[in-house]
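# Chains, contacts and geometry: an overview
Below are the chains, spelled out letter by letter.
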Amino acid sequence: QTTLPVALPFFLIMRQSETLKRVDLSENLFAPEAWSCISDLLKVTKIEALSLRGCGAIDQHIVKFAQGLDGNRDLRELNLRANNFRSAAAVEKLLEAITTHIRLAHVDLAENNFPIEVTDAIVMMLNKSDSLRGVHLLANVSALTKQMRLEEELRDTAQPTCICEGIFKRMFRASWQKAVDATKQAHPATGEKTRAFSDADELVLWCARHVPEHSSWQPKIISADDSSPFGAEERRAEPDGVFVNDCWVCRRCRHNNFRWTSPGSGSMPLTDVALLASFRDFEPVFTKRDSSSAKRAIHSKDCLIPPGCNYYLFEFGGKVHVAKDQPSVSLTRVELPAARKEKLMAICRKHCLEKVNVVEHPSLSFTIPEGLGEAQLKERIHSMLGDGMSKRDDGEHLHRLNECFEADWHFVKISELCHKDEENEFKFIARSRYAKVLEAFLTFAGRSDGCFIKQMDVFDFFEEIQLLERDDFLQEEGEPVVASTSLRLTLADVEALVKQATARGDSSTQSAALASHVRTAKNPRTLHKERKEAVKKLREGDAINRAQFLELCIRLCIHLHAHDLMSTKEMFIDFVDNYIDKKLLKPPLSPFPKSFLVTQEMHNVLFENATTLRRLHQAYGKSFGLLITLAQKLRLYDKSFTAKHVRSLFALSKVCPISCQERSAPSLTYEEFTEAIARLALVKRFQRQQSSLLESKKSPLVTGGALLAQSGTLTASAPTLSFGKLSGAARVASLVDKISNIDARQMAQQKSVAFAKCVEKLISLIKERMRELQEGLDALKMAKENRFAKETHEMKPPPTGEQQSGFVLFVGSCVTIVAWLIFGVICC
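Residues numbered from 1 in each chain as written. Predicted model: local features only at pLDDT ≥ 70, side-chain atom pairs only at ≥ 80, totals over all residues. Heavy atoms only, no water.

For the protein, the helix and strand inventory stands at 28 helices and 18 strands. For the protein, the exposed surface amounts to about 45000 Å²; the carbon and sulfur share of it is 55%. (Helix = DSSP H or I, 4+ residues; strand = E, 2+ residues; numbered from the N terminus. Areas by Shrake-Rupley, 256 points an atom, 1.4 Å probe, with all protein chains shown as cover.)

Below, the structure written as structure tokens:
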């Protein structure tokens, strides 16, 4: 109550000032009215750094503060250390405001008693915020009095008992495993087993998006005592002025690129170039070769350097060098702590150096860089825009399909397939069914050439849609046998259709119309012989591209309905719906809902697992063979999903080039790889479950149109109530239509959520398999090292009896010869 009148004039000055950037209000106990003023002040002020450390903020105060932070757009640094946050709901509102802030880069929330229920909110803040660069958490003094878990309870399957453990299990599993292993060892001095970290330790999380090596979150534990695996030992590893693993915002570090360019910097390095810098305690840090030629080479390293003068050298070929084209100072002007200066002098004396390179970083010039990397920015835009981005992506996909259809239609000899008056209407029908035809083409192109269908492989298409009898020698075990009465084509028909679809020129150069073929009974060996002959004829032909496949489908539908009184468009609709859609496009490859890939739920799943997906893309996205290896490691193979399905899945995931004669790249982009992962996720579901997830079910509600159609019988016995221009029946019909649309949207939402869960389960399975493989490789490596060490230190076996007797005979012969020589000398 007494603080508010004193602080109010200061708040007014802050509100009116245009130049004030940093404000420190620490160790002031503000009244609730003051917190309301601070909340309103945040919405209009231009300050960039605000410290409210130890201000006694309780849950009601922090809720007001979060409301003001939602309207702020300029704050870069926020310090709320040592306050009294206790309610999970209040803390979650604060974390949500921090997550959605567009510029907030550094937040200090340590020494606050956060409940364990906010662990998920903290992880979500770290994964979804595009501006955060450093976060300080935990260090709860009251947690020291809590009973810690014993060593045997520290298992991966156990539920987290503190926030620190929950964060490490979710984001830094390798560090968590390191801590668990450390707890199994006794302390060298006391003999007691160490403990894992707890909420009594301060957890510092930092990342530097502008430095490629530090673009992901990295943890640092500042332990309250020395018994933690991350205690005094880690603190001793970072002396004053040495930056190894710490919050670069607190240390006011900036990015610097160290570069050795030959011949400008000095001689041409023939080995790897290492950087020796004072901020790394002159320990070698290897650089990366950016470019190299016979006369020029560039080696560079991106580092975060602390304020002050930073001294550095380059080492390669067993010698230490000073870069000639970079600033340098004499050794007499070097200002460093005594231990590090002595280490630098020893290096310079050994290699006869009188100067050392220097780069200066004034602390007053420090600014927090803004922005993201290109990949992170693209992922964040997809995640933040949500439905708006989904609609745009869906529109782009439909627009590309339309461009591909127009490019293919230009090569279709439509004048031979339908009447001139029917061309426009038939083109509209073909466009509406083009997506299914394209999916059928990609399914078989992936199994054949990758981009086109070889003519010798086109028989598989006719066999899959059950228009050609499958060769008994190629019949797979357990595959259903189609009755011969439903087959309506022969090998000669297929050969003629393919020749007509792939022929070039006008109608005068085309083959004659297909003759009527009477099917005769043949034994399997005769049919196999004819098939081999037909394949031999087509082997030398050109591969079938996308436009030729579309024309092949049109000619096939005309041939099937040659004796039916149907128009060409009706023939095409019947063929696509009854043959391609029902017999070919079925699980596990089809149908696939591309619209689900651009939903908000799917974007969240992909962004949360972006690190794992990018690592998988680099390892398995370069070719279809690597994708087959991934499917084998995930154990997806069975009778209904084999290597040919993976090849089809690879082709279906790629973006089709607009030109039908252009080949696509042999590798998958990151977006294409995520679609392939989503397609693999559906393979894990049973076919019945997959169909129920993807098929579009009609709403059980009666539509408004149907209700209006029945309104004649309804209003015959009951009077119609009029409200303006709409009758009562029309109003009811409009209401039912709205309810039906809401029900349809809810059903689509449920399906998209189920689809995202399928993908998330597969990614979890991939992480598990990767961990199992890594453990197996580590065990194999350890076994090899142990066997090599055992063989190296093993004693040689004692000599055998034969070896001993041979040695005795050799010594006896030598003694006899020497004795005869002595006797001869004496006689002479």
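What follows is about the pattern of salt bridges. Inspection of every chain in the model, using the stated rule, returns 23 salt bridges. For Glu-77, the salt bridge identified is with Arg-252, shortest N-O distance 3.4 Å. With Glu-77 in strand 3 (residues 77-79) and Arg-252 in the loop between helix 8 (232-236) and strand 8 (254-262), this pair connects stretches of sequence that are 175 residues apart. Glu-77 sits in the buried class, given a relative accessible area of 14%. Asp-581 is paired through a salt bridge with Lys-436; the nearest N and O atoms lie 3.0 Å apart. Here Asp-581, found in helix 18 (residues 568-584), pairs with Lys-436, found in helix 13 (residues 434-447); they are 145 residues apart in sequence, far enough to count as distant. Through salt bridges with shared partners, a single network forms among Arg-81, Asp-108, Glu-111 and Glu-202. (Salt bridge = Lys/Arg side-chain N within 4 Å of Asp/Glu carboxyl O. Buried < 20%, exposed > 50% of the residue type's maximum accessible area, 1.4 Å probe, protein only.)

Let's shift gears to the packing of helix 22 (residues 643-653) against helix 23 (residues 670-683). Orientation of helix 22 relative to helix 23, taken along the N-to-C sense of each, is 135°, at an axis distance of 9 Å. Our classification of the angle between helix 22 and helix 23 gives oblique. In this structure, the crossing between helix 22 and helix 23 has a hand that is right-handed. Residue-level inspection shows Leu-649, Leu-652 and Ser-653 of helix 22 in contact with helix 23, the latter providing Glu-672, Glu-675, Ala-676, Arg-679 and Leu-680. Of the residues that constitute the contact of helix 22 with helix 23, the class distribution is four nonpolar, one polar and three charged. (Axes fitted to C-alpha atoms, helices over the stretch in contact; angles between N-to-C directions. Parallel < 35°, antiparallel > 145°, perpendicular 65-115°, else oblique. Left-handed = near helix turned anticlockwise from the far one by under 90°. Contact = heavy atoms within 4.5 Å. Nonpolar A, V, L, I, M, F, W, Y, C, P; charged D, E, K, R; others polar.)

A separate point is the environment of Leu-634. Here Leu-634 is to be found in the loop between helix 21 (624-633) and helix 22. Using a relative accessible area of 1% as the deciding quantity, one classes Leu-634 as buried. Each C-alpha atom of the pair Leu-634 and Leu-762 lies 8.8 Å from the other, and the pair is 128 residues apart in sequence. Contact partners of Leu-634, with chain neighbours within four places excluded, come to Leu-762, Leu-765, Ile-766 and Arg-769.

Next up on the list: the side chain of Thr-612. Note on placement: Thr-612 falls in helix 20 (residues 610-620). Overall, Thr-612 belongs to the buried group, its relative accessible area being 11%. Setting aside anything within four residues of it in sequence, one finds Thr-612 in contact with Lys-767 and Met-770.

The next point concerns a negative patch on the surface. Taken together, the side chains of Asp-70, Glu-92, Glu-96 and Glu-117 define an acidic patch exposed on the protein surface. Along the chain, Glu-117 falls in the loop between strand 4 (106-108) and helix 5 (119-128). (Patch = residues over 30% accessible without salt bridge, like charges linked within 9 Å, V, L, I, M, F, W, Y side chains within 5 Å. Lys, Arg positive; Asp, Glu negative; His and termini not counted. Charge placed at Lys NZ, Arg CZ, Asp CG, Glu CD.)

A separate point is the packing of helix 13 against helix 17 (residues 546-560). Contact pair helix 13 / helix 17: the axes reach a minimum separation of 10 Å and the direction vectors enclose 115°. In terms of orientation, helix 13 lies roughly perpendicular with respect to helix 17. The handedness of the crossing between helix 13 and helix 17 is right-handed. Of helix 17, the residues touching helix 13 (which contributes Tyr-434, Val-437, Leu-438, Ala-440 and Phe-441) are Arg-546, Phe-549, Leu-550 and Cys-553. In the contact of helix 13 with helix 17, the residues fall into eight nonpolar, no polar and one charged.

Another aspect to go through is the pairing of strand 7 (residues 218-222). For strand 7, the tally of buried residues reaches four of five residues, placing the bulk of the element in the interior. Where strand 6 (residues 202-206) lies against strand 7, five bridges are found, and the strand directions are antiparallel. Along strand 7, the bridge assignment pairs Leu-203 with Ile-221. (Pairing = 2+ DSSP bridges.)

Let's shift gears to helix 3 (residues 59-70). Over its twelve residues, helix 3 extends 17 Å from the first C-alpha to the last, a length consistent with the 16 Å expected when each residue adds 1.5 Å. For helix 3, every residue scored as buried is listed here: Asp-59, His-61, Ile-62, Phe-65, Ala-66, Gly-68 and Leu-69. Those residues of helix 3 that are buried lie in contact with helix 2 (32-42), strand 2 (49-51), strand 3 and helix 4 (88-100). (Expected span 1.5 Å × (residues − 1).)

Phe-30, Leu-50, Leu-52, Phe-65 and Ile-122 are the most contacted members of the largest nonpolar core, which totals 55 residues. Of all the elements in the fold, those that place two or more residues in this core are helix 1 (3-16), helix 2, helix 3, helix 4, helix 5, strand 5 (134-138), helix 6 (163-171) and strand 6. For this core, the element with the most residues is helix 4, which contributes six residues. Each residue touching Phe-65, except ones within four places of it in the same chain, is listed here: Trp-35, Ile-38, Ser-39, Leu-42, Leu-50, Leu-52, Leu-78, Leu-80 and Leu-94. With 52 residues, the next largest nonpolar core counts Tyr-434, Phe-461, Phe-549 and Ile-580 among its residues. (Core = buried A, V, L, I, M, F, W, Y, C linked by side-chain atoms within 4.5 Å.)

Another aspect to go through is the state of the cysteines. As enumerated under the stated definition, the model contains zero disulfides in all. With no disulfide of its own, Cys-250 lies closest to Cys-247 among cysteine sulfurs, the gap being 3.6 Å. In this structure Cys-553 is a free cysteine whose sulfur lies 8.3 Å from that of Cys-557, the closest cysteine sulfur available. Among the residues examined, Cys-553 registers a relative accessible area of 1% and is labelled buried. (Disulfide = S-S within 2.5 Å.)

To continue, consider unusual backbone geometry. Note the cis peptide between Ser-262 and Pro-263, where omega equals 15°. The residue Pro-263 is located in the loop between strand 8 and strand 9 (274-277) in this model. Even without a glycine there, the phi angle at Glu-27 is positive, about 60°. Residue placement: Glu-27 occurs in the loop between strand 1 (22-24) and helix 2. A positive phi is found at Cys-352, a non-glycine position, where the angle reads about 55°. Turning to its location among the elements, Cys-352 is positioned in the loop between helix 9 (338-350) and strand 16 (355-361). When its relative accessible area of 68% is taken as the criterion, Cys-352 is described as exposed.

To summarise the sheet geometry, strands pair through backbone hydrogen bonds and adopt either a parallel or an antiparallel arrangement. Reading across the sheet, the seven strands line up as 1-2-3-4-5-6-7 and stay open at both edges, with mixed pairing between neighbours. Of all strands in the sheet, those with a lone pairing partner are strand 1 and strand 7, marking the two edges. Across the sheet, the axes of successive neighbouring strands diverge by a mean angle of 10°, strand direction being ignored. Relative to strand 4, strand 3 is paired through three bridges, and the arrangement is parallel.

Before going further, it helps to spend a moment on helix 13. The terminal C-alpha atoms of helix 13 lie 20 Å apart, and with 14 residues this matches the ideal 20 Å at 1.5 Å per residue to within 8%. With eleven of 14 residues buried, helix 13 lies mostly within the body of the structure. Within helix 13 the residues assigned to the buried category are Tyr-434, Val-437, Leu-438, Glu-439, Ala-440, Phe-441, Leu-442, Thr-443, Phe-444, Ala-445 and Gly-446.

This part covers the packing of aromatic side chains. Under the definition given, this model contains 19 aromatic pairs. With a centroid separation of 6.1 Å and 10° between ring planes, the pair formed by Phe-85 and Phe-114 is classed as stacked. In this pair, Phe-85 is assigned in the loop between strand 3 and helix 4 and Phe-114 in the loop between strand 4 and helix 5, connecting sequence segments 29 residues apart. With respect to burial, Phe-85 and Phe-114 carry one shared label: buried. (Phe/Tyr/Trp six-rings, centres within 6.5 Å; stacked < 30°, edge-to-face > 60°.)

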